[in-house]
Amino acid sequence: MYDESLQLMNGRPKRPPPLDVLPARPTTLDLDRVDGAEASTRSSSSSSLARTIDLGFTELSYSVKSGIKRESKAILKGVSGLFPAGELSAIMGASGAGKSSLMNVLAGYTTDGVTGCITVNGAVRDTAVFRRHSCYIMQQDELQPLLTVGESMHVAAELKLGQTLSRQMKQDWVDEILDALGLSDSKDTLARDLSGGQRKRMAIAQELVNNPPVMFFDEPTTGLDSSSSKQCMSLLKSLARGGRTIVISIHQPSALIFETLDQLYVMAEGRCLFRGDPRQLLPFLNHAAQLACPQYHNPADYILEISMGDFGAYNDKLVEAIQNGKCEKWKKEIYAPTPTIFKSNFSNGLTTPVRAPLLPTGPLAKMIGKLSNGGPMSVEHNASPCTGSFSASPWTQFYILTRRNFYRLKRDKFLMNMRLSMHLLVGLMIGGLYYNIGNEASNVLDNFGLIFYSVVFLMFTSLLSMIVTFPLEMPIVAREHFNRWYSLKCYYLAVTLADIPIQVTCSLGYSTLVYFLSAQPYEARRFFMFSGMGLLVSFVAQSMGQMVGAGLSVENGVFFGPLTNLPCTIFSGFFIHMKDAPKAMHWLFHTSYLKYGLEGMMLAVYGYERKKMACEADYCHFRMPSKFLEALGMDGGYYWLDAGVLLALLVLMRLATYFVLKWRLKHARNFS
């Protein structure tokens, strides 16, 4: 057992030295010789990843505004440290210690309220450049649920590898990654059907496509069983051996996982309690505060218990001893480990031996070796000048994202069938209820109610469908956009275009059934004008739903969305005509898009010199359609003006939604 611990410590490769510039590509490994765990990892580390990055930070502080009075609350309090390349570094602490906040700040995910200095290879970090060479895999493992593993990887390859590689080369690289991570048999499985461990490996596989030199993982073992956690940490250890900077946050690791770590950074109350080799944690505690870990006790559990005050108030003393992360003393072993010393430390409570996990062999070891040489493309490859900070061109991004959204909508059979069937069933029901009244002068008021109901129905169905579905995309978009898969403009255009066919089908299906069952004028021009106005209303409402969904959660959006549309309903001209309202409130009618939709539909049915209607009653006051429009105050309306206003509102709403989405992704990090 002691020999195994010795083997683990002595087998750790030396990390690459800090680099001020990105080095040239190293000599390619002979992958045929990569056989077995030890040979693979040492070969990988000897060549090292071509873009090695040491990530340092000094006097890093982070505060947020909280409470009713918006008072400043310090989350990070002047912490310092260094996460070197080639090592698996872990930020550990109890809940509320600040580990996730530190992770977010280092990854560039949080920028507001941050002070201090973050360096890359000793130079001040350029966040925009750093984000192109790093990735952040969040705790939730947000994946597109209705895409298969193979399709998701294909999308990632097309977006992250750009046009420098052929399609076959991309496919070969994707197959190699899936084979290495044990996902080949799940290639045709939908992401929603994957297990927790498979989802974690899938998230890692997507980011490995372009071989980033820095990878952040927020609590990668959370929600996994012991076996899956062991496999996940073994994978991360192997990636670090290839020369990457691997930084994870972890809450309470088992003794086995604890021994896997190369670098430990313990936090409590936004401060650093320990930084260095995990095997030096117990000697540090003994040196700084005369604390001895009980025999057979997990060191990770012990330091957490100390940080929470279970053994007394030692946090200030530990922070002072480690200089809030500035102390370099404990990052290297103080003495040469020998079996005798191990036995002595074990009996004194300074060492807790565990069986170290074996490093991977086979396809994974082979892939790690290839990744260490730059992956599938030259390490000098970067985003082309015409595409800014993204590997794929705007057209490629738009095409791939549009196709992905079509797949997603096509496979979401419940939502699609519900939307379509609801429009058709309600259309049949309403058409049957108002059957054959369109040309009857005695039923003009009923027909007016039918047209108003049609406007409101198309509004609410379009609005709520976006409020319910659009926020569910936000966590996925946040991860992919932050990791520089695509630009927000291309994503938003693709989402907008992909939903047009289903929205047009639903709106036209309802309008057609209602129009002909209720016996509106059988004139092609009037039918297309009626249906066109219904389409415009539904698109404007859909834009409002997207804007609400982009800015709010599902729970808040379902309440806030319909509430904001109630004034539009009141000032639509149905409950009270504008000519009958006080003049001081006329401007409110002009702010309601339902007013333009209702007026446009009424003009399509009763305007443009429609002939006298039939009358089966003794007296029909509104036998002349123009007289009915005059009574409603719509005789001076223009259909194309109403259509133009709705088109203008549609464009404004879409632009507003884009900026709300951009703000949400930049500032709001809680998408639940």
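Residues numbered from 1 in each chain as written. Predicted model: local features only at pLDDT ≥ 70, side-chain atom pairs only at ≥ 80, totals over all residues. Heavy atoms only, no water.

### Considering the state of the cysteines
Inspection of every chain in the model, using the stated rule, returns one disulfide. Here Cys-615 connects covalently by a disulfide to Cys-620, the sulfurs 1.7 Å from one another. The disulfide joining Cys-615 to Cys-620 has a torsion of about 85° about its S-S bond and is therefore right-handed. A relative accessible area of 26% means that Cys-615 is categorised as partly exposed. In this model Cys-272 remains outside any disulfide bridge; the closest cysteine sulfur is found in Cys-327, 9.4 Å from its own. Taking relative accessible area as the criterion, Cys-272 reaches 0% and is therefore assigned buried. (Disulfide = S-S within 2.5 Å. Buried < 20%, exposed > 50% of the residue type's maximum accessible area, 1.4 Å probe, protein only.)

### A closer look at the confidence of the model for the chain
When pLDDT is averaged along the chain, the result is 80; 83% of the residues meet or exceed 70. Counted against residues more than four places away or in other chains, residues 334-343, with its pLDDT under 50, gives 17 contacts. (pLDDT = per-residue confidence, 0-100. Contact = heavy atoms within 4.5 Å.)

### Focus: the nonpolar core
The nonpolar side chains of a soluble globular protein tend to be buried with one another. Counting residues in each nonpolar core, the largest one holds 114 residues, and the members touching the most others are Leu-102, Phe-216, Leu-236, Ile-248 and Leu-285. Sorting elements by how many residues they give to this core places helix H5 (residues 149-161) first, with seven residues. Residues within four places of Leu-102 in sequence aside, it is in contact with Phe-57, Leu-60, Leu-76, Val-79, Ile-91, Tyr-265 and Met-267. Grouped together as the second largest cluster of nonpolar side chains are 53 residues, Val-456, Phe-628, Leu-632 and Leu-646 included. (Core = buried A, V, L, I, M, F, W, Y, C linked by side-chain atoms within 4.5 Å. Helix = DSSP H or I, 4+ residues; strand = E, 2+ residues; numbered from the N terminus.)

### Description of the environment of Phe-217
Along the chain, Phe-217 turns up in strand E7 (residues 214-218). For Phe-217, a relative accessible area of 1% translates into the label buried. If we skip the residues at most four places from it in the chain, Phe-217 touches Met-103, Ile-137, Ile-204, Leu-236, Ile-246, Val-247, Ile-248 and Ser-249.

### Details of the packing of helix H23 (residues 593-606) against helix H24 (residues 625-632)
Where H23 contacts H24, the axes come no closer than 10 Å and their chain directions differ by 160°. As summarised for this structure, H23 and H24 are arranged roughly antiparallel, according to the angle between their axes. The handedness of the crossing between H23 and H24 comes out as left-handed. Each of Met-602, Leu-603 and Tyr-606 in H23 lies in contact with H24, whose residues at this interface are Pro-625, Phe-628, Leu-629 and Leu-632. Of the residues in the contact of H23 with H24, the class split is seven nonpolar, no polar and no charged. (Axes fitted to C-alpha atoms, helices over the stretch in contact; angles between N-to-C directions. Parallel < 35°, antiparallel > 145°, perpendicular 65-115°, else oblique. Left-handed = near helix turned anticlockwise from the far one by under 90°. Nonpolar A, V, L, I, M, F, W, Y, C, P; charged D, E, K, R; others polar.)

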